[in-house]
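Here is how the chains run, residue by residue.
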4 protein chains.
Amino acid sequence: MYQVRTDLALEAREKFEGSNVEVKGVKVSQDEVHGNMKVTKVMIETENGAKIMGKPRGNYITLEAPDMADNDENYHREISKEIAKLLRELMPIDKKELSVLVVGLGNREVTPDALGPRVVDNMMITRHIIRKFGKYAFGLSRNHQISSIVPGVMAQTGMETLEIIKGVLDETTPDYIIAIDALAARSTKRLSRTIQITDTGISPGSGVGNHRHALNKESMGVPVIAIGIPTVVDAVTIVSDTMSNLVHAMEESRKLEDLGKSISSLEEAEKNELIRELLSPNLNTMFVTPKDIDESVKRLSYTISEGINMAFFPA
Amino acid sequence: MYQVRTDLALEAREKFEGSNVEVKGVKVSQDEVHGNMKVTKVMIETENGAKIMGKPRGNYITLEAPDMADNDENYHREISKEIAKLLRELMPIDKKELSVLVVGLGNREVTPDALGPRVVDNMMITRHIIRKFGKYAFGLSRNHQISSIVPGVMAQTGMETLEIIKGVLDETTPDYIIAIDALAARSTKRLSRTIQITDTGISPGSGVGNHRHALNKESMGVPVIAIGIPTVVDAVTIVSDTMSNLVHAMEESRKLEDLGKSISSLEEAEKNELIRELLSPNLNTMFVTPKDIDESVKRLSYTISEGINMAFFPA
Amino acid sequence: MYQVRTDLALEAREKFEGSNVEVKGVKVSQDEVHGNMKVTKVMIETENGAKIMGKPRGNYITLEAPDMADNDENYHREISKEIAKLLRELMPIDKKELSVLVVGLGNREVTPDALGPRVVDNMMITRHIIRKFGKYAFGLSRNHQISSIVPGVMAQTGMETLEIIKGVLDETTPDYIIAIDALAARSTKRLSRTIQITDTGISPGSGVGNHRHALNKESMGVPVIAIGIPTVVDAVTIVSDTMSNLVHAMEESRKLEDLGKSISSLEEAEKNELIRELLSPNLNTMFVTPKDIDESVKRLSYTISEGINMAFFPA
Amino acid sequence: MYQVRTDLALEAREKFEGSNVEVKGVKVSQDEVHGNMKVTKVMIETENGAKIMGKPRGNYITLEAPDMADNDENYHREISKEIAKLLRELMPIDKKELSVLVVGLGNREVTPDALGPRVVDNMMITRHIIRKFGKYAFGLSRNHQISSIVPGVMAQTGMETLEIIKGVLDETTPDYIIAIDALAARSTKRLSRTIQITDTGISPGSGVGNHRHALNKESMGVPVIAIGIPTVVDAVTIVSDTMSNLVHAMEESRKLEDLGKSISSLEEAEKNELIRELLSPNLNTMFVTPKDIDESVKRLSYTISEGINMAFFPA
């Protein structure tokens, strides 16, 4: 009813009345269940599909795991393995030696936005060692050169994040970028329970901090794989969603029969305006996040970094 | 309309239709304007007043400054001086040498809850030096012994915060406790713009993490001065507030005349139930906070620590 | 030749000319090799042995692993398992449900001293959950109650670390304390490569920050298991050791025959005085540590926390 | 006697027997005393002077203050003012609007190496605001565009620090770089008590982490002002210095007359070799630092950031 933001393709798809209905230009794979995880692929295949979904063309893989917020180490190892498997499908890791720049997006000082920087903290960094000691430094069959950067956010650097990454890129010319970012979901139920991996990079307006420019193959010249976990819901989203539910409930309620009728008589545009008027402008700069977000971010940043490490350096 | 939480006495008072109306047992001082700051005192004088306000008896001093969120150093020095002045009114700092335990409540790992720990990071700690080198260590006329503790939160320690403070207290027997905590406000407009200083300590259910037990003279045996700044709004509060506004708007709106009538016909209890049904149970564990909360907490923790330092050790 | 400090019983023992010679009251077990690790036990059995060794009576188990500084996850899992096994020998973990307070000693803000606080960051904390939800909260056969505290250092708190722990102890009455601390070794070769586990607690003067009081069964009333890893060498130790070597080399050197003779003619006391004069008094407050200590502390704190977690909650 | 490292031009100059003797191509200004500070300028004017000093041609300004390690806020404000004054002499801050990139060199995770990153944490960053809102955003007469970057160290990024800075530079084209770095001194007495400001940038081999490449006008294309504070002494330096003193003492000592004679008969090269043999190879990767380095770095990083802020934005 009201324009709300979600960085998850899965949620964008859900807007269209259940996953059975077909949206032209968008394919959704059957869910595959791996142990306690559910893997869904959303493929946006046409420009039309991209327009409807509000997301660029490409593949969006979602890994849902209800217990992901728990601190069970064995379970997280399974998730890491699944991430590694998916990355190996998206990049020719087994076929040649790659140089990969891992970018930890977001603000380390704001807990739900610290996911990217904290993933990078636990990465196995090899580029400098292989360049110094050569291929035999690690005794591996494929010596992938992993480098990383935590570019910070504009309030800290005075620079667009993408200016910084672009600069680093020109000097180090990797084959791939893997960008990690904390995402905004539409529903609080998804927070810390979903991992999205895409080959479309990061779009403007996504992430906790709302990047202004795209980080993708077009802007960077090399393919950009993005890995994200929703850690916040926009405050505007949560409020306007609940209000939509209220209006909907009034329309449905028998007890509120008359009420329902009068609301039904409102134009969609009038309803939207009503809600917009009630939303404090302050809310635009606010987000909603769980009180235990510190534990989730600590746990999940480790799960992702292990997944990437496993993808390039299987034990 | 719906039971919402605020840790600010000023906001609790505002519920009663403007500050002119008298609430029995509660006195509100005329606002005093000091430069760019407004200082208001709410005195809850009777048990009845305490019941109505939902806050214990005592004095609540609120320092409001619209530009507090900005990074103007001179302005923050003025705020620190005002804090120092207020503390000197609440404690006999000029009359005798005091031993004071400063407690930094909250979770250092969650940005809006890190205020207390970060204030303690910048405290001038003197207890160990005066005990070792004696009164002449600092060459001051009054040698106040300042000690501090950051007790952490239950998820980190497995212990009630108050168990830890109580234990430390028994060993070190201070004359006063100063407890610093991040607060929950009702309105996003107050976030990072208001400082509350009270002589009532910390109540159960206040703070970002919702303490279960009171930290006050009764539980601790020594007076507890609490200093707090609102950094979050409960997610439930923000949503139910906006919904109340929606219902109110419907009642008022001419365009929605019929709607208004049908809503007016609902019992208060029915309205509440309607809203309660729509609130996701998830929301109870969520908070709303600004995206630049890292900057505010960094800035304001320094402003408070300087205020306390000035109170005990004027330059 | 000169009084130097080591927190490692193994190094204290080595002063006595090789491990074959017997020191009265001190037994050294045969080294056991477990995979890539060497486990040695030093038992100080009498007061005389304690005096000679400069360490209290009790058992000192040393786990040496040359590759411990490397970042091989499987190898570290083996070390964690060995730590778990040793802890299960020192405490009746299999026999009854225990309440254990894990204490992270040291200064989180000084990298080589942050080991203790960082171990606690990764502990599985259960006390508050079991006390709230009862024995069946985790579905385990033995529900050990783990709590933890990071007391900070005196410059931060104004209190003796032991005052704080004692206070917490009185409130929570655990059956055991496990204290984690960064240690000072005599030799740089041991840094980040040795783990010492003892049932004697922490002695005055040990650790990076030189605790003034003992943390042991006598002072605390409950047994104290200490786990430590050397991360620094005292600056005085490293300088005086090298100078001793210089003097020794001169005595031995054929090229320096005359020199040797004149040095040999000096009394031991004169040699010591010579060295003492040359040592800058500044050195007393300085330590020596490797440039990559951040990586070791990150890696090893995780290895220890996993070891403790495994001891109490086997997968 | 033995080749030891110092990043301070003042110490390099001191090797030449007191500051009165002239070294060709090197000028030393009379010390100026400003309150409690001493300011000395060393000008290396010729290539010959550069060779003798082991430092590139340029100006090295040293600000010595014995009480700099103390936590007196007023005193630190004086130091910040002096830094601001010196920066205004080195850059045309009053003459035109500048774009300046502040680079925080070093490793945030190793306390004595965290100076650079922590200075950047407190910088007033304006580039993005002026570019978005124009000259009148701050209402200042000169709107300097300040941006900043913390490039991290090679073990974290897999890239040369200078690769990263070069990349960022190409995108943002500042007029000046200000690089902040923790330095290595020769003497423990200088640690946390000296600030060096130079217009020569950062040389290979300087800093705690020993940069491999120069960060200067030649490599970057824009002038590089470097601000550094010594926070460590190389372990090799401290040991070999003390040994030199020992040998020197033996030569001088009447009690050790014969000894002195035999040492005097050794060639300089033989003495050096003797010392080199005794130095453990481990020492090359180790540094010496004070136990309270956390307090100094916190305090001094703030003093420097305030100095830079004052230089560009006088209150």
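Quick note: structure is the one above.
Residues numbered from 1 in each chain as written. Chains lettered and ligands numbered in written order. Predicted model: local features only at pLDDT ≥ 70, side-chain atom pairs only at ≥ 80, totals over all residues. Heavy atoms only, no water.

1. Quick word on the overall build of chain A
And then number 1: Counting its regular elements, chain A contains twelve helices and ten strands.
And then number 2: Counting across all 315 residues of chain A, residues that qualify as buried make up 57%.
And then number 3: Expressed as a percentage of contacts within chain A between residues at least 6 apart in sequence, the contacts between residues at least 24 apart total 73%.
And then number 4: Within the structure as shown, chain A displays about 13,000 Å² of accessible surface, and the carbon and sulfur contribution to it stands at 47%. (Helix = DSSP H or I, 4+ residues; strand = E, 2+ residues; numbered from the N terminus. Buried < 20%, exposed > 50% of the residue type's maximum accessible area, 1.4 Å probe, protein only. Contact = heavy atoms within 4.5 Å. Areas by Shrake-Rupley, 256 points an atom, 1.4 Å probe, with all protein chains shown as cover.)

2. Here we look at the packing of aromatic side chains
And then number 1: Considering all chains together, one arrives at five aromatic pairs over all chains under this definition.
And then number 2: Aromatic side chains Tyr302 of chain B and Tyr302 of chain D sit 5.5 Å apart centroid to centroid with 40° between the ring planes, which places their arrangement in the tilted category. Remark: Tyr302 of chain D occurs in helix α12 (residues 293-312) and Tyr302 of chain B occurs in helix α12 (residues 293-312); the pair is interchain, linking two chains. An identical accessibility class is assigned to Tyr302 of chain B and Tyr302 of chain D; each is buried. (Phe/Tyr/Trp six-rings, centres within 6.5 Å; stacked < 30°, edge-to-face > 60°.)

3. Notes on helix α7 (residues 161-172) of chain D
Residues and elements named next belong to chain D.
And then number 1: An ideal rise of 1.5 Å per residue puts 16 Å on twelve residues; α7 measures up with 17 Å between its terminal C-alpha atoms.
And then number 2: Of the positions making up α7, those classed as buried are Thr161, Leu162, Glu163, Ile164, Ile165, Gly167, Val168, Leu169 and Thr172.
And then number 3: Of the residues flanking the end of α7, it is Thr173, one or two places downstream, whose phi is positive at about 40°. (Expected span 1.5 Å × (residues − 1).)

4. Observations regarding the environment of Tyr302 of chain C
And then number 1: For Tyr302 of chain C, a relative accessible area of 17% puts it in the buried group.
And then number 2: For the pair Tyr302 of chain C and Met123 of chain C, spaced 179 residues apart in sequence, the C-alpha separation works out to 9.1 Å.

5. As for the pairing of strand β3 (residues 37-44) of chain A
Regular strands have side chains that alternate between both faces of the sheet.
Residue and element names in this part refer to chain A.
And then number 1: Examined bridge by bridge, strand β1 (residues 26-28) and β3 share three bridges and lie antiparallel to one another. Its bridge partner being in β3, Val26 is matched across the sheet by Ile44.
And then number 2: Relative to β3, strand β2 (residues 32-34) runs antiparallel, the two sharing three bridges. Bridge assignment links Val33 to a residue of β3, and that residue is Lys38.
And then number 3: Counted along the chain from β2 to the antiparallel partner β3, the turn is two residues long, and its residue Gly35 has a positive phi close to 60°.
And then number 4: As defined by bridge partners, β3 adjoins strand β4 (residues 58-64) across seven bridges and the pair is classed as antiparallel. Bridge assignment links Met43 to a residue of β4, and that residue is Asn59. (Pairing = 2+ DSSP bridges.)

6. Description of the pattern of salt bridges
All names here are of chain A.
And then number 1: Applying the stated criterion to the full structure yields 74 salt bridges over all chains.
And then number 2: Close ionic contact of Lys38 with Glu64 constitutes a salt bridge, the shortest N to O distance being 3.7 Å. Of the two residues, Lys38 sits in strand β3 while Glu64 sits in strand β4, which places them 26 residues apart along the sequence.
And then number 3: A relative accessible area of 15% places Glu64 in the buried class.
And then number 4: Beyond isolated ion pairs, a larger network of salt bridges with shared partners links Glu11, Glu14, Lys38, Glu64 and Arg190. (Salt bridge = Lys/Arg side-chain N within 4 Å of Asp/Glu carboxyl O.)

7. Digging into the pairing of strand β10 (residues 286-290) of chain C
And then number 1: Here β10 of chain C lies mainly inside the structure; five of its five residues are buried.
And then number 2: With burial as the criterion, each face of β10 of chain C is covered, one bearing Met286, Val288 and Pro290 of chain C and the other bearing Phe287 and Thr289 of chain C.
And then number 3: Pairing analysis gives five bridges linking β10 of chain C to strand β10 (residues 286-290) of chain D, with the strands arranged antiparallel. Bridging from a neighbouring strand, Thr289 of chain C pairs with Phe287 of chain D of β10 of chain D.

8. Observations concerning the environment of Val236 of chain C
And then number 1: Summarising the element assignment, Val236 of chain C is placed in helix α9 (residues 235-252).
And then number 2: A C-alpha to C-alpha distance of 26 Å links Val236 of chain C and Leu63 of chain C, two positions 173 residues apart in sequence.

9. Examining helix α12 (residues 293-312) of chain A
And then number 1: For α12 of chain A, with 20 residues, the first-to-last C-alpha span of 29 Å sits near the 28 Å given by 1.5 Å per residue.
And then number 2: The buried count for α12 of chain A comes to 17 of 20 residues, which makes it a mostly enclosed element.

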